[in-house]
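Architecture and fold: a report
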Amino acid sequence: MAMNARKGFRFTTYEAPHQTPFEKLFEIFQELITHTSGDVEEALDWLRELDKEYELTDEDYTIDDFIEDLKAKGFIREEFDTDGERTDGEEGDGGGDLSITAKLERMLRQRALEQIFGKLKRSGSGSHKTGKSGRGDEHTGEFREYRFGDALEHISMTESLKNAQINHGLDSFSLSEEDLVVEDTQYKAQMSTVLMIDISHSMILYGEDRITPAKKVAMALAELITTRYPKDTLDILVFGNDAWPIPIKDLPYLKVGPYHTNTVAGLQLAMDMLRRKRNTNKQIFMITDGKPSCLRLPNGDYYKNSVGLDDYIVEKCYAMAQQARKLHIPITTFMIAEDPYLMQFVREFTQANKGKAFYTGLKGLGEMIFEDYEQNRRKRIK
């Protein structure tokens, strides 16, 4: 029976998805805990202020109820010293200091990934194509004759049976080695990435919070690589007067310090990390405001100059860029400042390395890093 009903779009008034009181507060709390670098008490103080202004809670569900739910659900915990006293040494109501748990750390990374990169489906095994065909594990959709040593799972039975029928006829079935057809594959190359994050004081100068967006990008990139591209590696380092690595789990606690910017130390550590990797494809992502202002001298003293661009420091940066180029390590700089003289430095630094630079400001930083990572994994970095 023919259906005469017309098909089309039906428009209705948008209704926001139902959220429990806990879910509504938890969304805000996750944003606050990122800005406070994991300080639970400070985040809760901000939440209380927002509650006073916007009436987020009522008598049926209070901030205290929310805190108890955070504990019960395993998002925060109370910490005590060995004597059962508060770890900060202050007198209180008998409770310990509040801190976030590994469960919430992971949720913050997932949230950053969803905020910046969108909800990405997890693939079975993420890797980076080299563009070279051979005995790999990425199907190309093209066929060739069987060669000794080809894996049995790569044999296309449909195409092979078709060849057997053409070559030997339909009367009596016969399948020989010459009939076998293999679906060609591509090698997959692993990618090793070091993400450098500038934590010098200039990252919060002039009332602009540059470190929180950088921290969110780092959490999102970490979650992207560990879930979607598990064969890849990601190391994260921060650089101020010196440079040091940080584990992924410490990202929510990242803060800016009273530091100058020792870009050279960061690049040295990044290259040391990548030298230990067996992967052919290696790259450095650097998030910075673009102004190197510090070096550590051979005697251990610090040479600092915050006025303009110091020629001695700048030349050392160019030398590190050239050294990375010789090691086939491209550097992609994400510059979150727009001063013309700093942009000129980044252009010359990028030319010395034959890398890339993005003058992003803060808007779109995460999307640019994601797009560049995706592009790099589709090609062999030379």
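Notes on the structure follow. In this text the structure is predicted, and so the values were computed from the model without any measurement.

**Remarks on the overall build of the chain**
- A tally of regular secondary structure across the chain gives 10 helices and 13 strands.
- Each of the 382 residues in the chain was classed as buried or not, and the buried ones make up 45%.
- Sequence separation of at least 24 residues holds for 71% of the intrachain contacts in the chain that already meet a minimum separation of 6.
- Accessible surface, the chain: about 21,700 Å² in total, of which carbon and sulfur atoms supply 49%.

**Re the sheet that holds strand S9 (residues 281–288)**
- In space, the six strands of this open sheet follow the order S8-S7-S6-S9-S12-S13, with mixed pairing throughout. Looking at strand neighbours, the two that pair on one side only are strand S8 (243–246) and strand S13 (356–359), the edges of this open sheet. Across the sheet, the mean angle separating the axes of adjacent strands is 20° when strand polarity is ignored.
- Where strand S6 (residues 191–198) meets strand S7 (residues 233–239), seven bridges bridge the pair, whose relative direction is parallel. By the bridge assignment, Leu195 is partnered in S7 with Ile236.
- Docked against the sheet, helix H6 (residues 211–228) engages S6, S7 and S9, running at close to 165° with respect to S6.

**Overview of the packing of aromatic side chains**
- Taken as a whole and assessed by the stated rule, the structure comprises 13 aromatic pairs.
- Here the aromatic rings of Phe285 and Tyr373 are separated by 6.4 Å at their centres, their planes lie at 75°, and the arrangement is edge-to-face. Separated by 88 residues along the polypeptide, Phe285 in strand S9 and Tyr373 in helix H10 (residues 365–377) bring together distant segments of the chain. An identical accessibility class is assigned to Phe285 and Tyr373; each is buried.
- With centroids separated by 5.1 Å and ring planes inclined at 5°, the aromatic side chains of Phe334 and Phe358 adopt a geometry described as stacked. Taken together, the residues span a long stretch of sequence, with Phe334 in strand S12 (residues 331–335) and Phe358 in strand S13 at a distance of 24 residues.
- By relative accessible area, Phe334 is classed as buried at 0%.
- Positioned over the ring face of Phe22 is Lys73, at 5.0 Å from the centre of the ring.

**A short note on the packing of helix H1 (residues 21–35) against H6**
- Relative orientation of the contacting elements H1 and H6 amounts to 110°, with a least axis distance of 10 Å. Classified by the interaxial angle, the pair formed by H1 and H6 is roughly perpendicular. The residues of H6 that touch H1, namely those facing Glu31, Thr34 and His35, are Thr212, Lys215, Lys216 and Met219.
- For the contact of H1 with H6, the class distribution of residues is one nonpolar, three polar and three charged.

**Focus on unusual backbone geometry**
- Phi is positive for Glu55, close to 50°, though the residue is something other than glycine.
- Judged by relative accessible area, Glu55 falls into the exposed class, the value being 65%.
- In this structure, His328 is a non-glycine residue whose phi angle is positive, near 60°.
- Note on placement: His328 falls in the loop between helix H8 (311–326) and S12.

**Brief notes about the nonpolar core**
- By size, the foremost hydrophobic cluster in this structure holds 55 residues, and its most contacted members are Phe29, Phe66, Leu195, Ile197, Leu221 and Ile287.
- For this core, the element with the highest residue contribution is H6, accounting for 10 residues.
- Those residues in contact with Leu221 that sit more than four places away from it in its chain are Phe117, Leu195, Leu234, Phe285, Ile369 and Tyr373.

**Looking at the side chain of Thr261**
- Within the secondary structure, Thr261 is located in the loop between S8 and helix H7 (263–275).
- With residues near it in sequence (within four places) discarded, Thr261 still touches Asp198, Ser200, Ser202, Phe239, Gly240, Lys291, Pro292, Ser293 and Cys294.

**Describing empty space enclosed by the protein**
- Applying the stated criterion across every chain, the model contains two cavities of 30 Å³ or more.
- Reported here for the largest cavity is a volume of approximately 60 Å³.
- The wall of the largest cavity is formed by Thr263, Met286, Thr288, Gly290, Lys291, Pro292, Thr333, Phe345, Val346 and Phe349.
- The leading source of residues in the lining of the largest cavity is helix H9 (residues 340–353), at three residues.
- Here the residues of the lining of the largest cavity sort into five nonpolar, four polar and one charged.
- Taken as a whole, the second largest cavity encloses approximately 40 Å³ of empty space.
- Around the second largest cavity sit Gln30, Thr34, Leu108, Arg111, Ala112, Gln115, Lys216 and Met219, which together line it.

Cut-offs used in this document
Residues numbered from 1 in each chain as written. Predicted model: local features only at pLDDT ≥ 70, side-chain atom pairs only at ≥ 80, totals over all residues. Heavy atoms only, no water. Helix = DSSP H or I, 4+ residues; strand = E, 2+ residues; numbered from the N terminus. Buried < 20%, exposed > 50% of the residue type's maximum accessible area, 1.4 Å probe, protein only. Contact = heavy atoms within 4.5 Å. Areas by Shrake-Rupley, 256 points an atom, 1.4 Å probe, with all protein chains shown as cover. Pairing = 2+ DSSP bridges. Axes fitted to C-alpha atoms, helices over the stretch in contact; angles between N-to-C directions. Phe/Tyr/Trp six-rings, centres within 6.5 Å; stacked < 30°, edge-to-face > 60°. Lys NZ or Arg CZ within 6 Å of the ring centre and 35° of its normal. Parallel < 35°, antiparallel > 145°, perpendicular 65-115°, else oblique. Nonpolar A, V, L, I, M, F, W, Y, C, P; charged D, E, K, R; others polar. Core = buried A, V, L, I, M, F, W, Y, C linked by side-chain atoms within 4.5 Å. 1 Å grid on protein atoms, 1.4 Å probe; cavity = no way out; pocket = protein on both sides within 12 Å on 5 of 7 lines; lining within 4 Å. Points joined across faces, edges and corners; volume = space filled by probe spheres on them.

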